Amino acid sequence: MTIDRVLANLDLNLLVTLDALLRERNVTRSAEALGVSQPAVSAALARLRRHFGDPLLSRAGNRYELTPLATQLLALTGPALAGVRRVFDVTPGFDPTTMDREFTVITSDYAATEVGPLLARRLAALAPGVRLRLQQTTPYTVDHAADTLRTADGLLLPHGFLTDFPYLDLYEDRWVCIVSPDNDAVGEALTLEHLATLPWVVLYNLRTAFAPATQQLRLLGIEPRVEVVADGFLPMPFLVAGTRRIALLQERLARRLAAPAGVRILPCPFDVVPLAEAFWWHPIYRNDPAHTWLRSVLESVGKELSTA
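Numbering of residues starts from 1 in every chain and runs along the sequence as written. Since the coordinates come from a predicted model, pLDDT governs what is reported: local features require at least 70, and pairs of side-chain atoms require 80 or more to be given and counted, while whole-chain, interface and lining totals use all residues. Based on all heavy atoms of the structure, the side-chain values leave hydrogens and waters out of the count.

Draft legend 1. Local environment of the packing of aromatic side chains. Centres within 6.5 Å are what make two rings of Phe, Tyr or Trp a pair, Trp counting through its six-membered ring; a difference in plane orientation under 30 degrees is then read as stacked, over 60 as edge-to-face, and the rest as tilted. Considering all chains together, one arrives at five aromatic pairs under this definition. A ring pair is formed by Trp175 and Phe233, whose centres lie 6.3 Å apart and whose planes are at 50°; its orientation type is tilted. Here Phe233 lies in the loop between strand E9 (225-230) and helix H11 (236-240) and Trp175 lies in strand E7 (residues 175-179), a separation of 58 residues in the sequence. Every member of this aromatic cluster is reached through a ring pair, and the members are Tyr110, Trp175 and Phe233. By the criterion adopted, a ring carries a charge over it if an Arg CZ or a Lys NZ lies within 6 Å of its centre and within 35 degrees of its normal. A cation over a ring is seen here: Arg295 above Trp281, with NZ or CZ 4.3 Å from the ring centre. The numbering of helices and of strands both runs from the N terminus, where a helix is a DSSP run of H or I of at least 4 residues and a strand a run of E of at least 2.

Draft legend 2. Structural view of the packing of helix H6 (residues 109-126) against helix H12 (residues 251-261). For the pair H6 and H12, interaxial distance at closest approach is 10 Å and the crossing angle is 85°. One way to sum up the angle between H6 and H12 is to call them roughly perpendicular. Mapping the contact onto sequence places Tyr110, Thr113 and Glu114 in H6 and Arg252, Leu253 and Arg256 in H12. Classification convention: Asp, Glu, Lys, Arg as charged; Ala, Val, Leu, Ile, Met, Phe, Trp, Tyr, Cys, Pro as nonpolar; all other residues, Gly among them, as polar. For the contact of H6 with H12, the class distribution of residues is two nonpolar, one polar and three charged. Comment: axis = line fitted to C-alpha atoms, over the contacting stretch for helices; angle = value between 0 and 180 degrees taken between N-to-C directions. Roughly parallel means an angle under 35 degrees; roughly antiparallel means over 145; roughly perpendicular covers 65 to 115; every other angle is labelled oblique. Contacts are assigned to residue pairs that have any heavy atoms within 4.5 Å of one another.

Draft legend 3. Region of the structure containing the UniProt feature "domain: HTH lysR-type" (unreviewed entry) in the protein chain. UniProt positions are given in the numbering used here, feature names are shortened, and annotations may be inferred rather than shown by experiment. With numbering aligned to this structure, UniProt lists the feature "domain: HTH lysR-type" (unreviewed entry) at residues 10-67. Secondary structure content for residues 10-67 is 60% helix and 14% strand, and the end C-alpha separation is 22 Å.

Draft legend 4. Fine view of the pairing of strand E12 (residues 275-280). E12 sits mainly inside the fold: five of its six residues count as buried. A strand pair is defined by DSSP finding two or more bridges across the two strands. Note that strand E5 (residues 154-158) and E12 share four bridges and pair antiparallel. Bridge pairing in E12 links Leu157 to Ala278. Buried means the residue's accessible area, taken with a 1.4 Å probe over protein chains only, is under 20% of the maximum for its type, while exposed means over 50%, and partly exposed covers the values in between.

Draft legend 5. Fine view of the environment of Leu57. Along the chain, Leu57 falls in strand E1 (residues 57-60). Residue classification places Leu57 among the buried residues on the basis of a relative accessible area of 5%. Contacts of Leu57, omitting those with residues within four sequence positions, involve Leu21, Arg25, Leu45, Arg49, Tyr64, Glu65, Leu66 and Thr67.

Draft legend 6. Region of interest: the sheet that holds strand E6 (residues 167-173). Taken together, five strands build an open sheet; the order of strands is E4-E3-E5-E12-E6 and the sheet is mixed. Taken across any chain shown, the strands that pair with only one partner, and hence form the sheet edges, are strand E4 (130-136) and E6. Pairs of neighbouring strands in the sheet enclose a mean axial angle of 20°, with direction left out of account. Where strand E3 (residues 101-107) lies against E4, seven bridges are found, and the strand directions are parallel.

Draft legend 7. Structural view of the nonpolar core. What is meant by a nonpolar core is a set of buried Ala, Val, Leu, Ile, Met, Phe, Trp, Tyr and Cys residues, joined one to another through side-chain atoms within 4.5 Å. Counting 63 residues, the largest nonpolar core has Val115, Trp175, Leu195, Phe233, Ile246, Phe279 and Leu298 as its most contacted members. Sorting elements by how many residues they give to this core places helix H13 (residues 289-307) first, with seven residues. The contacts of Trp175, once residues within four sequence positions are left out, are Ala211, Pro212, Ala213, Phe233, Leu248, Leu249, Gln250, Cys268, Val272, Val273 and Leu275. If you look at the next biggest cluster of nonpolar residues, it comprises 15 residues, including Leu14, Leu56, Leu57 and Leu66.

Next up, the structure:
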């Protein structure tokens, strides 16, 4: 195998410093984050500038901005560091009780509410040294899933958004409608006419970011009259309460929040496809023992949720 002479002549510690500098955009804060002295980071920045032939950080008033090259590098340092960590996390034997690792799962607030508590309890019981980071998903993280899944351990997301990535099915949920109890436009049941005329609270409302049930409604020829757009599911019942608005919500979450928010749950007046929640990951983790173990824990969580 040919040795990579470029890498052989590089100090790979510079990669860690480069990532900190690009994220913090400040030598002092980078030094604090790295736990080293400011002169050491300044010296590393000088070496990086010589290597790339670029200032990387350029002063703009009393702050620093990334150069165009530095902006490109910022998209690369995270995945590169994640790859290095995977190399040095490999051990001859795998024992979850002695593992010291943080798992990052990108998730909606809904999935974090359903999966998060069970997963956190099981990890704490089975692997006391493991830390769980539940990071809020965004339209960008889903649209750029290949990059997202290189730096995170996985993504909790229903079917219908991703393809070409391995996944583990967890559980299903149903979509329901929520309205305010004092909404006098709605009786004991909703009709398609209600859905077409009442104002809506919807999720994201972007071309590639939406609640699947809302998209199914559009396929029926009903375009929701959007009055409020939310970036998460948890606020939606509170945005419906005391108004004439309507929203689609997962039944599990709706039942958790109906009483605190003060909303009424009603069946959808159309044949809505159930939500199938899954855990998606990058193929680079396929043979990672710790990641394989995490997936087994998630599988047990999914089975518990499926029988609840």
